[in-house]
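Chain residues, written in single-letter form:
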Amino acid sequence: TQSTRPQRLLGAVQKNATRGDPRSVVQAIDQFCRQKEWAMNVGDEKGCILDSVVSEVNPATVLELGTYCGYSTVRIASLLPPHAKLITLEFNPDFAAIARQVIAWAGLEDKVHLIEGASGDWIPKMTEQFGVKTFDLVFLDHWKDRYLPDTMLMEECGLLRKGSILLADNVICPGTPDYLEYVRSSPRYESQYFKSHLEYTKVEDGLEKSVFLG
Ligand SMILES: CNc1ncnc2c1ncn2[C@@H]1O[C@H](/C=C/CNC(=O)c2cc(-c3ccc(F)cc3)cc(O)c2O)[C@H](F)[C@H]1O
Ligand SMILES: [Mg+2]
């Protein structure tokens, strides 16, 4: 039977990356996506912006919406201080299964809590299920029309505190117009656009970093 692209991406990690070495896992995925098959990972260029934001925030609690194959999960988790927690939500069981193996190959299982489920169902359960009061950093990279409703839901659930950072992928391509309008016009956010390119291409894309002002 035919393999899927995520399965082939995992194969490239297991073939080319060193167990326990997150940077080699990231490099193996980027090489696979540049040389063999494009995949919707945040990629190396936007990934460097992600790295710099994570390092600057130095978060104790991180939420990622949309794990896919775990590329950004590995990038973020590899930069977290000891005892910091990254919760990542993925509702496609096939993607979740691949991501678990990618995260394990990087040796980051202890820093990552991958939940197989929908953001809409799990955001309201974060506090009771995981004892998380607020998130220091949220990385949004799931369905683009869900960025805004899920941000409003996080606000309603009290998961954002003064200074919480939202970092959103793909605000230009494929684009998240309603989310962008909201965080740029709301007095409760201070937003900044980091111009870059769509992963592995020359097409413009970028990340929007928004600080929740409380
Ligand atoms: C809605 N709640 C969810 N809860 C849990 N997991 C979820 C939820 N929603 C989706 N997922 C999960 O999150 C992932 C979804 C990622 C979607 N990403 C993209 O579409 C996306 C698309 C492009 C792109 C650009 C140009 C082009 F020509 C073609 C593609 C580039 C990008 O960087 C992207 O991130 C996963 F697939 C889905 O199961
Ligand atoms: Mg993306």
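Thresholds applied
Residues numbered from 1 in each chain as written. Chains lettered and ligands numbered in written order. Predicted model: local features only at pLDDT ≥ 70, side-chain atom pairs only at ≥ 80, totals over all residues. Heavy atoms only, no water. Axes fitted to C-alpha atoms, helices over the stretch in contact; angles between N-to-C directions. Helix = DSSP H or I, 4+ residues; strand = E, 2+ residues; numbered from the N terminus. Parallel < 35°, antiparallel > 145°, perpendicular 65-115°, else oblique. Left-handed = near helix turned anticlockwise from the far one by under 90°. Contact = heavy atoms within 4.5 Å. Nonpolar A, V, L, I, M, F, W, Y, C, P; charged D, E, K, R; others polar. Pairing = 2+ DSSP bridges. Donors = N, O, S within 2.8 Å, 3.2 Å for Na, K, Ca; no water. Salt bridge = Lys/Arg side-chain N within 4 Å of Asp/Glu carboxyl O. Near = heavy atom within 4 Å. Polar contact = N/O pair within 3.5 Å; in protein donor to acceptor, adjacent residues only side chain to side chain. Patch = residues over 30% accessible without salt bridge, like charges linked within 9 Å, V, L, I, M, F, W, Y side chains within 5 Å. Areas by Shrake-Rupley, 256 points an atom, 1.4 Å probe, with all protein chains shown as cover. Buried < 20%, exposed > 50% of the residue type's maximum accessible area, 1.4 Å probe, protein only. Core = buried A, V, L, I, M, F, W, Y, C linked by side-chain atoms within 4.5 Å. Phe/Tyr/Trp six-rings, centres within 6.5 Å; stacked < 30°, edge-to-face > 60°. Lys NZ or Arg CZ within 6 Å of the ring centre and 35° of its normal.

> I keep staring at the packing of helix α1 (residues 5–16) against helix α2 (residues 22–35) and nothing clicks. Help me out?
Each pair of packed helices can be summarised by the angle the axes make with each other and by the distance between the axes. Two numbers describe how α1 lies on α2: the axes approach to 9 Å, and their chain directions differ by 130°. Comparing their axes, α2 and α1 come out oblique. Handedness of the α1/α2 crossing: right-handed. Contact residues: α1 offers R5, R8, L9, A12, V13 and N16, while α2 offers V25, A28, I29, F32 and C33. Within the contact of α1 with α2, the residues separate by chemical class into eight nonpolar, one polar and two charged.

> Would you mind going over the sheet that holds strand β6 (residues 189–197) with me for this structure?
Neighbouring strands of a sheet are bound in pairs by backbone hydrogen bonds; such pairs are parallel or else antiparallel. Within the open sheet, the seven strands sit side by side as β3-β2-β1-β4-β5-β7-β6. Their pairing is mixed. On the outer flanks of this sheet lie β3 (112–116) and β6, each paired with one strand and no other. Taken pair by pair, the neighbouring strands of this sheet meet at an average axis angle of 15°, ignoring direction. Running at roughly 145° to β6, helix α3 (residues 43–57) makes contact with β4 (137–140), β5 (165–168), β6 and β7 (204–212) of the sheet.

> In this structure, what is going on with the coordination of the magnesium ion (ligand 2)? I would like to understand it.
The expected angle between donors at a tetrahedral four-coordinate metal is 109.5 degrees. At an octahedral six-coordinate metal it is 90 or 180 degrees. Binding of the magnesium ion (ligand 2) to the protein goes through D141 (OD), D169 (OD) and N170 (OD1), at separations of 2.0 to 2.2 Å. All donors of the magnesium ion (ligand 2) belong to a single chain; written as a sequence motif, their spacing is D-x27-D-N.

> What am I meant to see in the pattern of salt bridges here?
When charged atoms on two side chains of opposite charge get close, those side chains can pair. Under the definition given, this model contains 15 salt bridges. When the shortest N-O distance is used, the salt bridge between K46 and D205 registers 2.7 Å. One end of the pair, K46, is in helix α3; the other, D205, is in strand β7, with 159 residues separating them in the sequence. Where salt bridges share partners, they join K46, D169, E199 and D205 into one cluster.

> What's the story with the site of ligand 1 in this structure? I'm lost.
For ligand 1, the set of nearby residues contains 22 residues, the closest of which are E90, S119, D141, N170 and E199. At a separation of 3.2 Å, a nitrogen atom of ligand 1 approaches a polar backbone atom of F91. One of the side-chain N or O atoms of S119 is found 2.9 Å from a nitrogen atom in ligand 1. Residues belonging to the shell around ligand 1 are distributed by class as follows: ten nonpolar, six polar and six charged.

> Even after reading the chapter, I still don't get a nonpolar patch on the surface, so can you show me in this structure?
A contiguous nonpolar patch, built from W38, M40, F91 and W143 and spanning about 450 Å² of accessible area, is present on the exposed surface. With respect to the helices and strands, the residue W143 is situated in the loop between β4 and α8 (147–156). Look at W143 and you get exposed, because its relative accessible area is 52%.

> I keep staring at the nonpolar core and nothing clicks. Help me out?
The nonpolar side chains of a soluble globular protein tend to be buried with one another. Counting 43 residues, the largest nonpolar core has L9, V25, I29, V74, I76 and V102 as its most contacted members. When residues no more than four places from it in sequence are discounted, the contact partners of I76 are L50, V54, V62, E64, L86 and F139. The next biggest cluster of nonpolar side chains, apart from the first, holds 27 residues, and it includes L65, I115, Y147 and L159.

> Explain the packing of aromatic side chains to me, please; I cannot follow it from the model alone.
The geometry of an aromatic ring pair comes down to the distance between the two centres and the angle between the two planes. Applying the stated criterion across every chain yields a total of six aromatic pairs. With 6.1 Å between their ring centres and 40° between their planes, W122 and F130 make a pair best called tilted. In this structure an aromatic cluster arises from ring pairing among Y182, Y189 and F212. The lysine or arginine in question, R19, covers the ring of W105, its NZ or CZ lying 4.2 Å from the ring centre. Sitting above the plane of the W122 ring, K125 keeps its charged end 4.3 Å from the centroid.

> Sorry if this is basic, but what is going on with unusual backbone geometry here?
Apart from glycine, the bulk of residues carry a negative phi angle, and the bulk of peptide bonds sit in the trans form. Residue P174 follows C173 across a cis peptide bond; omega there is 10°. Relative to the helices and strands, P174 resides in helix α9 (residues 171–175). A positive phi angle, close to 45°, is found at N58, a residue other than glycine. Considering the arrangement of structural elements, one finds N58 in the loop between α3 and β1 (61–65). A positive phi angle, close to 65°, is found at N170, a residue other than glycine. Mapped onto the secondary structure, N170 falls in the loop between β5 and α9.

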